[in-house]
Structures are given as structure tokens and as C-alpha cells.
Amino acid sequence: GVNESGAEFGQGKYPGEYNKDYIYPDVKAIQASIDQGMNVFRIGFSWERLQRSLNAELDSTEFDRLDEVVSYVTKNGAVAILNPHNFARYNGQIVGTSQVPNSAFADLWKRIAQKYKSNNKVWFGLVNEPHDMPTAQWFSAARDAVDSIRALGANNNVLVPGNAYTGAWNWKETFYGDSNASTALIYFSSSDKNIIFETHQYFDSDYSGTHKECVQRPCNNLFKNFVEWLKANNLKGFIGELGAAINDDCKACVEEAITYLEQNSDYIVGWAWWAAGPWWQDYMYSIEP
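Note that this is a predicted model, so its numbers are computed, not measured.

Engineer: I'd like a description of the state of the cysteines, backed by residues and values.
Structural biologist: By the definition in use, this model includes 2 disulfides. Paired by a disulfide, Cys 214 and Cys 250 hold their sulfur atoms 2.1 Å apart. The disulfide joining Cys 214 to Cys 250 has a torsion of about 100° about its S-S bond and is therefore right-handed. Here Cys 214 is found in the loop between strand 10 (195-202) and helix 7 (221-233), whereas its partner Cys 250 is found in helix 8 (residues 248-263), with 36 residues between them in sequence. Of the two residues examined, Cys 214 and Cys 250, each falls in the buried class. Across the disulfide from Cys 219 sits Cys 253; the S-S distance is 1.8 Å. Between Cys 219 and Cys 253, the S-S torsion sits near -115°, and that sign places the bridge as left-handed. Of this pair, Cys 219 sits in the loop between strand 10 and helix 7 while Cys 253 is found in helix 8, placing the two residues 34 residues apart along the sequence. Both residues of the pair, Cys 219 and Cys 253, belong to the buried class.

Next up, the structure:
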């Protein structure tokens with residue numbers, strides 16, 4: 001599948017002006033991607049716009065915009081992944097602190113889950129790319145959010161990212177006190193139903209997805225630590241972002257990566273390209289129809 005970007009644009013301008021600071025995806029373009037064979041769409045949005053203050057009701061206008069896209073995707077047989085593109089922050093304050101306690105993050109997901117608990121084609125991506133925070137602090141917040149979702153009887157798949165921008169390549173490395181691999185197992189296990197761990201991976205020199213060159217070869221090696229960890233612990237994974245520019249090296253790299261992911265589809269349930277969306281213009285990774 002593919003990431004549908006636009007509603008997370010205009011960062012720092014909250015709520016901002018619709019169609020000037022941010023935009024929701026075009027369902028006609030989504031249909032074109034469905035026609036091409038895509039069956040999962042990761043839909044980015046801003047927490048601050050959907051919930052204008054912590055613990056408040058969801059903003060009805062903003063929810064309707066989001067729901068139009070989600071409903072279109074799922075009614076056409078594809079999966080919609082909800083993606084608060086907030087890096088585990090609200091107005092710049094980190095989740096799991098006194099400014100944004102775990103309970104506030106759990107409240108967001110309680111309200112979203114209440115809306116979509118009857119639609120199993122809606123998956124809950126807890127947040128995009130936590131970073132620069134203690135790893136245990138993030139997974140504690142993730143656990144509380146999952147508990148709030150399950151308390152409603154919502155059995156939707158939940159995507160749990162790791163810390164440090166949730167890179168697949170460094171899943172087992174230590175940063176901010178602990179590794180994602182070891183800390184995740186403190187808070188989650190294979191007995192948790194419908195939990196999928198989400199990583200991201202790019203193929204340029206610093207894994208940032210900001211360069212045209214793909215230099216990390218063989219590219220399938222970047223996923224091996226994550227996949228081996230999933231196998232060892234009987235868990236499932238999803239690659240929430242991968243992408244590259246259009247050149248021979250990158251084409252070969254992407255083919256290596258996707259072939260490896262398909263070979264391990266007992267553990268990797270899918271992937272989403274970064275990115276589509278109506279405002280990318282000439283962005284080098286765009287696959288907007």
C-alpha cells in the first residue's frame with residue numbers, strides 16, 4: 001500500500017486553514033491506487049486538529065474530513081491505517097510527561113476506537129515515529145493506549161511503533177536507555193491479540209529518506225534484525241514507510257527489499273510506500289496518481 005499524506009501538513013499551524021495549510025487526500029487518486037493493486041492506505045493527520053485540546057471531544061468538522069477518506073477506503077475493500085503524524089508529541093510536548101500524560105494519549109485513542117471499533121478494516125497506528133524520549137516512556141504510553149482501545153471491546157489491529165524514528169535497521173540497538181527490541185517485550189507479548197509492530201526503512205546513506213541515492217546494499221539486510229526478532233518472539237510486523245527515488249540503484253534496492261518482505265510474510269503483514277498525497281508536486285518519492 002501507500003501513505004496518504006496532506007492532513008498532517010502545516011505543522012505548528014493549529015488548527016490552521018483547510019486547503020491552505022493542509023489538505024485531506026483525494027479519494028479519486030486513492031481509487032486509482034486501488035485499481036493499481038494497492039490494498040492498504042496509511043492516512044496521516046494531526047492530533048492537534050482532530051482533538052483541539054487534550055481530553056476534549058473530537059472536532060466534528062475535522063473528524064468528518066478524516067472519516068470521508070477512511071470510509072471510502074474501507075468500503076472499497078482496502079485497509080485504512082489511522083496515523084496521527086505527531087512523533088509522540090502534542091503541540092511540541094512529549095507524550096508521557098506532565099504536559100501530555102499517558103492518560104491524554106489514551107483518551108485520544110479511546111475516542112477514535114469508539115468511532116471505528118465495528119470496522120476491522122480500520123487499523124490504529126498509534127503515532128508516527130516517536131523520537132528523543134526514553135524508550136520505556138514511549139512503550140508505557142503505547143500500552144496505556146492499547147488498554148484504552150481494548151477496554152471498549154475494539155479488536156482492531158493496532159500498530160505499535162518503536163522509539164528513535166522506529167527504524168527497522170536499528171531495532172535491536174540501544175538508544176535513549178534501552179533498545180526497542182528489549183523494551184517492547186516488557187510491555188507486549190505474543191498473547192496480545194492483534195498487535196503489530198511498525199518500523200520504517202529508507203535506503204539512503206543516513207536512512208532518512210531525504211536523498212535520491214540508494215547506497216545501503218544489499219537492501220534486505222536492513223530488515224533482518226527486525227524480522228529475526230519477530231520470528232524469535234512469535235510476533236507480527238508492518239513496514240509503515242519505505243520509499244526511494246526513481247533510478248536504477250533504487251529500483252534494484254526496492255526489489256530486494258520487497259522480495260525479502262514477501263519471503264517473510266508469515267511475520268511481515270505488509271508495507272506502505274512513502275508517499276502519495278495531493279500536495280507533493282515534484283517530490284522525488286511521490287507516487288500520487
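Engineer: Help me get a handle on the packing of aromatic side chains, residues and values and all.
Structural biologist: Scanning all chains against the criterion turns up 24 aromatic pairs. Seen in terms of ring centroids, Phe 188 and Phe 197 are 6.0 Å apart; in terms of plane orientation they differ by 85°. Their pairing is edge-to-face. By the burial criterion, Phe 188 is buried, and Phe 197 matches it. Ring plane angle 20° and centroid distance 6.3 Å describe the contact between Phe 226 and Trp 229, whose orientation is recorded as stacked. With Phe 226 and Trp 229 both in helix 7 and 3 residues apart, this pair spans about one turn of that helix. Exposure remark for Trp 229: the relative accessible area of 4% places this residue in the buried category. Ring pairing ties together the aromatic residues Phe 9, Tyr 202, Trp 274, Trp 279, Trp 280, Tyr 283 and Tyr 285, which thus form one cluster. The aromatic ring of Tyr 267 is capped on one face by Lys 236, whose charged end is 5.9 Å from the ring centroid.

Engineer: So, the nonpolar core: which residues are in play, and what are the values?
Structural biologist: The biggest cluster of nonpolar side chains holds 83 residues, and the ones touching the most others in it are Leu 126 and Phe 197. Residues within four places of Leu 126 in sequence aside, it is in contact with Pro 84, Phe 105, Trp 109, Trp 138, Ala 142, Ala 145, Val 146, Ile 149, Val 158, Leu 159, Val 160 and Pro 161. The next biggest cluster of nonpolar side chains, apart from the first, holds 8 residues, and it includes Trp 123, Leu 159, Phe 238 and Ala 272.

Engineer: Describe the environment of Phe 87, listing the residues and the values that go with them.
Structural biologist: Locating Phe 87 in the fold gives a position in the loop between strand 3 (79-84) and strand 4 (89-90). Sequence-wise, Phe 87 and Asp 132 are 45 residues apart; in three dimensions their C-alpha atoms are separated by 9.4 Å. Excluding anything up to four places from it in sequence, Phe 87 contacts Gln 11, Val 127, Asn 128, Glu 129, Pro 130 and His 131.

Engineer: Tell me about helix 8, residues and numbers included.
Structural biologist: In a regular helix each residue adds 1.5 Å, so 16 residues correspond to 22 Å; helix 8 covers 23 Å between its end C-alpha atoms and thus fits that length. For helix 8, the full list of buried residues reads Cys 250, Cys 253, Val 254, Ala 257, Ile 258, Tyr 260 and Leu 261. Down the axis of helix 8, the buried side of the element spans an arc of 160°, and every buried residue falls inside it. Exposed and facing more than 90 degrees away from the buried side of helix 8 are Asp 248, Glu 255, Glu 262 and Gln 263. Two to three positions downstream of the cap, the backbone nitrogen of Asp 249 sits 3.3 Å from a side-chain oxygen, assigning the N-cap of helix 8 to Asn 247.

Engineer: Which residues make up the pattern of salt bridges, and what values go with them?
Structural biologist: Once their charged atoms are close, side chains differing in charge can pair, the charge on each being opposite to the other. Inspection of every chain in the model, using the stated rule, returns 11 salt bridges. Residues Lys 110 and Asp 107 are paired through a salt bridge, measuring 3.6 Å at the closest nitrogen-oxygen approach. Taken as a pair, Lys 110 and Asp 107 lie in helix 4 (residues 102-116) at a separation of 3 residues, close to a single helical turn. A residue is classified by how much of its surface remains accessible, and Lys 110, at 36% relative accessible area, is partly exposed. Taken together, the salt bridges that share partners define one network made up of Arg 52, Asp 59, Glu 62 and Arg 65.

Thresholds, definitions, all that
- Residues numbered from 1 in each chain as written.
- Predicted model: local features only at pLDDT ≥ 70, side-chain atom pairs only at ≥ 80, totals over all residues.
- Heavy atoms only, no water.
- Disulfide = S-S within 2.5 Å.
- Helix = DSSP H or I, 4+ residues; strand = E, 2+ residues; numbered from the N terminus.
- Buried < 20%, exposed > 50% of the residue type's maximum accessible area, 1.4 Å probe, protein only.
- Phe/Tyr/Trp six-rings, centres within 6.5 Å; stacked < 30°, edge-to-face > 60°.
- Lys NZ or Arg CZ within 6 Å of the ring centre and 35° of its normal.
- Core = buried A, V, L, I, M, F, W, Y, C linked by side-chain atoms within 4.5 Å.
- Contact = heavy atoms within 4.5 Å.
- Expected span 1.5 Å × (residues − 1).
- Arc of directions from axis to C-beta.
- Polar contact = N/O pair within 3.5 Å; in protein donor to acceptor, adjacent residues only side chain to side chain.
- Salt bridge = Lys/Arg side-chain N within 4 Å of Asp/Glu carboxyl O.

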